[in-house]
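# Structural description and commentary
Below are the chains, spelled out letter by letter.
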Amino acid sequence: MTPMKTTTTRLAEMKRRGEPIVALTAYDAPTAALLDGAGVDVLLVGDSVGNVKLGYGNTLPVTVEEMLHHVRAVRRGNSRALLVADMPYLSYELDPADALRNAGRLIKDGGAEAVKLEGGLAVAPVIKELLRVNIPVMGHLGLTPQAVNRLGGYKVQGRDPRDAERLVTDARILEGAGIFALVLECVPADLAAAVTSKVSVPTIGIGAGPGCDGQILVVDDLLGLGASPAPSFVRRYADLRPVMEDAVRRYAADVRSRAFPGKAHSYGAARPKARAAR
Ligand code: KIV
């Protein structure tokens, strides 16, 4: 049986049934195809593409054009998972018309099926505006990386009771504004569980404990591809970086010793001229 296409309404059903939602980031077509084929429910083209793939120090420099490039690639690799695209920093906060135009591009030109944006009360009007033109929106509270300079670093949020209360209020405001799901990043597990029980939309945690309706990780962290250490909450399911380094070192050594390419696989005298010219 072909697995069902994931939709925003299916995620709501999964929450009702207590079925955990599996989400991962993706940035390119072959990885998206692999994750989709492995049964991941939600693929997020996160603006983490800035740190993970583009060599930026944080997500702030990422542009709509850069997001579009990666969203299109993931769209080409994906078939079943719900495809969500992050709205990059300053693409939605300044003016609702701007937000509409930028989200519209991610949907219409990029092939995303929903967008994600960070923040609480302040972004509620933007969410309503996007829903007016039928763009589903995923919220994101807790550690919101686009606010890294205000937050003073990548720190757990909501430890202080007043911050925790504000986070619950923000979650309710976002729910009221019409989000279909909510990412909770780096908040204490009991707070994430409390939010999950108080809102009707599915929560998807990252560093937020087991009480969320689903989990998301940055795919490079899960696979052990990153050059810098992954956050402590990450479970590394593979350690691919040393495997790749070893492969490249062996290739370099073989080229230098002329062990690669071997004679048997080279184009040349053994092949007809027409083929060799290609
Ligand atoms: O940009 C991103 O990858 C994200 C996830 C970490 C939730 O927002």
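Residues numbered from 1 in each chain as written. Predicted model: local features only at pLDDT ≥ 70, side-chain atom pairs only at ≥ 80, totals over all residues. Heavy atoms only, no water.

You can see Glu 185 is positioned in strand β6 (residues 181-185). The side chain of Glu 185 is buried and forms no salt bridge, while Lys 116, the nearest opposite charge, is found at 6.2 Å. Residues within four places of Glu 185 in sequence aside, it is in contact with His 140, Leu 141, Gly 142, Leu 143, Pro 145 and Ile 206. (Helix = DSSP H or I, 4+ residues; strand = E, 2+ residues; numbered from the N terminus. Buried < 20%, exposed > 50% of the residue type's maximum accessible area, 1.4 Å probe, protein only. Lys, Arg positive; Asp, Glu negative; His and termini not counted. Salt bridge = Lys/Arg side-chain N within 4 Å of Asp/Glu carboxyl O. Contact = heavy atoms within 4.5 Å.)

Take helix α2 (residues 29-37) next. Taken residue by residue, α2 has Ala 32, Leu 35 and Asp 36 as its buried positions. Axial view of α2: buried residues confined to an arc of 100 degrees, hence all on one face. Among the exposed residues of α2, those pointing more than 90 degrees away from its buried face are Pro 30, Leu 34 and Gly 37. Structurally, α2 contributes buried residues whose contacts are with β1 (21-25), β2 (42-45), α4 (64-77) and α10 (219-223). (Arc of directions from axis to C-beta.)

This part covers the sheet that holds β1. Spatially, the 8 strands close up into a barrel ordered β1-β2-β3-β4-β5-β6-β7-β8, and their pairing is parallel. The sheet shows a mean angle of 25 degrees between the axes of neighbouring strands, direction not considered. Pairing geometry for strand β3 (residues 82-86) and strand β4 (residues 114-116), over 3 bridges, is parallel. Across the sheet, Ala 85 pairs through a bridge with Val 115, a residue of β4. (Pairing = 2+ DSSP bridges. Axes fitted to C-alpha atoms, helices over the stretch in contact; angles between N-to-C directions.)

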